[in-house]
Amino acid sequence: MTGPSDTEDVSTEHSSVSAWMRALGTATGNPGGGAASGLMLAIAAGLTSMVAGYTRTTHATEDASGRDSAEAEATIAALRARAEARSELALRLADEDAHASRAFGSAFRLPAGVGRDEAIRAASIEAAAASARLGEHAVDAIDDLAWLTEHGNPALIADVAVAIGALRAAITGARTNVSFDLGSVRSAHGSLEEIRADEPRLWELVPVFDRALERIDRLAASIDPEAAPTDAAS
């Protein structure tokens, strides 16, 4: 089967998994790493929703009756609702990122000149902004996974671990794309100092994502003792 053309839209939100994976493997960049980051966020959110669905108030509190139980039930319901909404949003953000990436590629194919420089700068900033939006939503998801790590159904701790890994991939992808997209402005004869001055919010998000990754790593390490010590000497 032939791959998609450069102009064909391959929607992360609407494609089947098999069609999307075939498109990912073609030499078109549509979808690419940004869309993949969105898909990883959707996977993390889907697993979060699933674990929340299997979590009962007795997992979240020792008091199975009264106010504590009611509060736990409300917390679980709200967490699951956020995860479901985040999963749907992630797929839309993946398509937004892919659209920005196509504009980015088109700018670099323009003839050399002022128009090309302006197009590269605008497309680079928009691509960085699209990845930033995705990354910010991924950072917001950490709290819910942290709650499930402590209060979720312990029988599904492995699914929480997989969700943590998927979320880490989403944030890593967003952080990388924001950083490289901002750096690409130099192809339009801009300096890093100018980029930092013109786009302070995007620039400052990179260390925000770094801190989020450090938190995720601590979260993952906190549940490692739940696994069998397969690395121990026999």
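Residues numbered from 1 in each chain as written. Predicted model: local features only at pLDDT ≥ 70, side-chain atom pairs only at ≥ 80, totals over all residues. Heavy atoms only, no water.

Attention shifts here to the overall build of the chain. Check the secondary structure of the chain and you find 9 helices and 0 strands. Within the span of the chain, comprising 234 residues, buried residues form 40% of the whole. Sequence separation of at least 24 residues holds for 75% of the intrachain contacts in the chain that already meet a minimum separation of 6. Counting every atom, the chain has about 12,400 Å² of accessible surface; 54% of that belongs to carbon and sulfur. (Helix = DSSP H or I, 4+ residues; strand = E, 2+ residues; numbered from the N terminus. Buried < 20%, exposed > 50% of the residue type's maximum accessible area, 1.4 Å probe, protein only. Contact = heavy atoms within 4.5 Å. Areas by Shrake-Rupley, 256 points an atom, 1.4 Å probe, with all protein chains shown as cover.)

This part covers the nonpolar core. Judged by nonpolar contacts, the single largest core of 45 residues is most densely connected at Leu167, Ile171 and Leu202. If one sorts the elements of this core by residue count, helix α7 (residues 157–183) sits on top with 11 residues. Aside from chain neighbours lying at most four places away, what touches Leu202 is Ile125, Ala128, Ala129, Ala132, Val178 and Leu182. Ranked by size, the runner-up nonpolar core spans 5 residues in total, among them Val10, Ala23, Ala35 and Ala94. (Core = buried A, V, L, I, M, F, W, Y, C linked by side-chain atoms within 4.5 Å.)

With respect to the element layout, Val139 can be found in helix α5 (residues 114–140). Along the backbone, Val139 and Val208 are 69 residues apart, and their C-alpha atoms lie at a distance of 8.8 Å.

On to the pattern of salt bridges. Opposite charge on two side chains permits pairing when their charged atoms draw close. Taken as a whole, this structure holds 10 salt bridges when the rule is applied. Glu126 is the partner of Arg133 in a salt bridge, and the nearest nitrogen-oxygen pair spans 3.3 Å. Judged by relative accessible area, Arg133 falls into the partly exposed class, the value being 31%. Exposure remark for Glu126: the relative accessible area of 39% places this residue in the partly exposed category. Note that Glu136 is salt-bridged to Arg201, the shortest N-O span being 2.5 Å. Placement of Glu136 in helix α5 and of Arg201 in helix α9 (residues 200–223) is noted, with a sequence separation of 65 residues between them. Exposure remark for Glu136: the relative accessible area of 26% places this residue in the partly exposed category. (Salt bridge = Lys/Arg side-chain N within 4 Å of Asp/Glu carboxyl O.)

The axes of two packed helices give the description: the angle between them and the distance between them. Where helix α6 (residues 142–151) meets α9, the axes come as close as 11 Å, and the angle between the chain directions of the two elements is 15°. Relative to α9, α6 is oriented roughly parallel. In this structure, the crossing between α6 and α9 has a hand that is left-handed. Note on element contacts: α9 touches α6 through Ala212, Arg215, Ile216, Leu219, Ser222 and Ile223, opposite Ile142, Asp143, Leu145, Ala146 and Thr149. Residue composition of the contact of α6 with α9, grouped by class: 7 nonpolar, 2 polar and 2 charged. (Axes fitted to C-alpha atoms, helices over the stretch in contact; angles between N-to-C directions. Parallel < 35°, antiparallel > 145°, perpendicular 65-115°, else oblique. Left-handed = near helix turned anticlockwise from the far one by under 90°. Nonpolar A, V, L, I, M, F, W, Y, C, P; charged D, E, K, R; others polar.)

Contact pair helix α2 (residues 33–54) / α5: the axes reach a minimum separation of 10 Å and the direction vectors enclose 20°. On the basis of the axis angle, α2 is roughly parallel to α5. As for how α2 packs across α5, the hand of that crossing is left-handed. Note on element contacts: α5 touches α2 through Leu134, His137 and Ala138, opposite Gly34, Ser37, Gly38 and Leu41. Along the lines of polarity and charge, the residues of the contact of α2 with α5 split into 3 nonpolar, 4 polar and no charged.

A residue-level look at the chain finds 89% of positions with pLDDT of 70 or above and a mean pLDDT of 87. Within the model, the stretch residues 1–7 combines pLDDT values under 50 with 9 contacts to residues more than four positions away or in other chains. (pLDDT = per-residue confidence, 0-100.)

Relative to the helices and strands, Glu118 resides in helix α5. With relative accessibility at 54%, the residue Glu118 sits in the exposed group.

With that settled, the discussion passes to the side chain of Asp97. The residue Asp97 is located in helix α4 (residues 67–108) in this model. Of the side chains with opposite charge, Arg133 comes closest to the buried, unpaired Asp97, at an N-O distance of 7.6 Å. With residues up to four places along the chain from it excluded, the contact list for Asp97 reads Gly34, Ala35, Ala127, Ala130 and Ser131. (Lys, Arg positive; Asp, Glu negative; His and termini not counted.)

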